[in-house]
Amino acid sequence: MWCDVAAGKKANTTLYFTDLDYLNITEIVSAEVMYGYILNTDTDEVVDYLDFNLTTTKAGSYKQSFDIYGDALYDDGDYAVYDSFFGSTPVVLIENNTDSAIYVLFDNVSVSGIMVTPYTTSGVPVYPGTVRAFELGLYSSNLAAAGLEKSDVDNISFAVEFNRYTQGSVSTADDLYQTEELTITKD
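Residues numbered from 1 in each chain as written. Predicted model: local features only at pLDDT ≥ 70, side-chain atom pairs only at ≥ 80, totals over all residues. Heavy atoms only, no water.

Caption draft 1: Highlighting the sheet that holds strand E5 (residues 89-96). Ordered by their spatial adjacency, four strands build an open sheet running E3-E4-E5-E10, and the pairing between neighbours is antiparallel. Strand pairing shows two members of the sheet lacking a second neighbour, strand E3 (72-75) and strand E10 (130-135), which therefore form its edges. Here the average twist between neighbouring strands, direction ignored, is 20 degrees. The pairing of E5 with E10 spans six bridges and is classified as antiparallel. When the bridges of E10 are listed, Asn96 appears paired with Thr130. (Pairing = 2+ DSSP bridges. Helix = DSSP H or I, 4+ residues; strand = E, 2+ residues; numbered from the N terminus. Axes fitted to C-alpha atoms, helices over the stretch in contact; angles between N-to-C directions.)

Given below as structure tokens:
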């Protein structure tokens, strides 16, 4: 979400939500924006950070829930990794049960034993007490080089690397943990 606002003026913008289908969320009760920032576009300098909560008219009358419908591939109490396929696309759900934001990287990704480079939204943090869906999209050129088509993908293996995240920066030098190889298999 972003909005241009001139000095001394007000502006409106629209919040767009993604990943709701993966979690079967049909009603939005509240939304929390963490690590938002105000940027001076003349200098590309962050002027201020802000966190805020928005609630809808559903608050108080509707219990918001989400469905983690995959199997737990990894769960140490602090972090959990769940598998799923959304149609023919592999989806990884990361749950962060700590009080610190984390940054997630996918490493050693392979399809049928052949290394591939997925495109994913792994450049975004997973905030404390939240679940984020990561779609592991596969480039058709990677699959073609391996003699595969997207419809042939019935399993994907990867490792998840958890890193510390603070406002605007990722510390990969301070890796928290990397899982062993995990595999998602399409039913």
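Caption draft 2: Here's a closer look at the nonpolar core. Judged by nonpolar contacts, the single largest core of 25 residues is most densely connected at Val81, Ile94, Val104, Phe106, Phe158, Val160 and Phe162. Mapped onto this core, the elements with two or more residues apiece are strand E4 (79-86), E5, strand E6 (102-111), strand E12 (155-166) and strand E14 (182-185). Among the elements that take part in this core, E6 stands out by supplying five residues, more than any other. If near-sequence neighbours (up to four positions away) are discounted, Val81 is found in contact with Asp71, Ala72, Leu73, Tyr74, Val92, Leu93, Ile94, Phe158, Val160, Phe162 and Leu182. If you look at the next biggest cluster of nonpolar residues, it comprises six residues, including Ala80, Val91, Leu93 and Ala133. (Core = buried A, V, L, I, M, F, W, Y, C linked by side-chain atoms within 4.5 Å. Buried < 20%, exposed > 50% of the residue type's maximum accessible area, 1.4 Å probe, protein only. Contact = heavy atoms within 4.5 Å.)

Caption draft 3: Region of the structure containing the packing of aromatic side chains. Per the counting criterion, the structure on display carries five aromatic pairs. Geometrically, the ring pair formed by Phe106 and Phe158 is edge-to-face, given 5.9 Å between the ring centres and 70 degrees between the ring planes. Of this pair, Phe106 sits in strand E6 while Phe158 sits in strand E12, and the two are 52 residues apart along the sequence. Neither residue differs from the other here; Phe106 and Phe158 are each classed as buried. Ring pairs connect the aromatic residues Tyr74, Tyr79 and Phe162, which therefore count as one cluster. (Phe/Tyr/Trp six-rings, centres within 6.5 Å; stacked < 30°, edge-to-face > 60°.)

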